[in-house]
Amino acid sequence: MTSDPRARFPRSARVRLRAEYTVVFEQGRRTGDPLFGLHWLPGTQPPRLGLAVSRKVDPHAVGRNRIKRVLREATRKLRPQLAGGDYVIVARPAAGRAANAQLLDAYLRLLRRAGALPAQVAGGTMPAAIPSDPNHPPIPPSTPDS
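An account of the accompanying structure is given in this report.

Conventions we followed
- Residues numbered from 1 in each chain as written.
- Predicted model: local features only at pLDDT ≥ 70, side-chain atom pairs only at ≥ 80, totals over all residues.
- Heavy atoms only, no water.
- Pairing = 2+ DSSP bridges.
- Helix = DSSP H or I, 4+ residues; strand = E, 2+ residues; numbered from the N terminus.
- Axes fitted to C-alpha atoms, helices over the stretch in contact; angles between N-to-C directions.
- Contact = heavy atoms within 4.5 Å.
- Parallel < 35°, antiparallel > 145°, perpendicular 65-115°, else oblique.
- Left-handed = near helix turned anticlockwise from the far one by under 90°.
- Expected span 1.5 Å × (residues − 1).
- Buried < 20%, exposed > 50% of the residue type's maximum accessible area, 1.4 Å probe, protein only.
- Arc of directions from axis to C-beta.

### Some points on the sheet that holds strand β4 (residues 85-91)
- Strand order in the open sheet made by the four strands is β1-β2-β4-β3, with mixed pairing throughout. Every other strand in the sheet has two partners, leaving β1 (29-32) and β3 (48-52) as the edge strands with one partner each. With strand direction ignored, the average angle separating the axes of adjacent strands in the sheet is 20°.
- Examined bridge by bridge, β1 and strand β2 (residues 36-42) share four bridges and lie antiparallel to one another. Each residue of the ladder has a partner; that of Arg29, found in β2, is Trp40.
- Against the sheet, helix α2 (residues 61-78) touches β2, β3 and β4, its axis set at about 165° to β3.

### Here's the deal with the packing of α2 against helix α3 (residues 100-114)
- At a closest axis distance of 10 Å, the pairing of α2 and α3 adopts a crossing angle of 50°. Classified by the angle their axes make, α2 and α3 are oblique. Between α2 and α3 the crossing geometry is right-handed. Listed contacts from α3 to Arg66, Ile67, Val70, Leu71, Ala74, Thr75 and Leu78 of α2 are Asn100, Leu103, Leu104, Tyr107, Leu108 and Leu111.

### Thoughts on α2
- Between its first and last C-alpha atoms α2 spans 26 Å; for 18 residues at 1.5 Å apiece the expected length is 26 Å, and the two agree.
- What α2 keeps buried is the set Gly63, Arg64, Arg66, Ile67, Val70, Leu71, Ala74, Thr75 and Leu78. Buried residues in α2, looked at end-on, bunch into an arc of 160°, giving them a common side. Exposed residues on α2 whose side chains face more than 90 degrees from its buried face are Val62, Arg69 and Lys77.
- Looking at the buried side of α2, the elements it contacts are β2, β3, β4 and α3.

Printed below as a string of structure tokens:
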């Protein structure tokens, strides 16, 4: 745990009031995943996060807090890239059985699908595809010698 106040998740970055949650649920865009449901109400203000992790997800507080900790930490790191607005994540029962890496992957997928996070740049060692030139036919693939 760090005592650096800049590394904390500030109160201003949280959806806190019941009325704020209600507005996001009623007016926000929705997208889902087996682990989470995402409700996003785009806006001009900096991104804020609200979490709903019920006892149906995990009957033990330790498990519910683990899910919230993973999502808060991911949001803290992603805040500069996230589109403005209010985000409410509703955990589903499968999230209680998922590993931290699976939780993070599902969260990032949801944010990208909703359009709140820029699409990930494809990595790898292959060069980018070259558009076909009508003046030059494509090169056929080589066949192995038998």
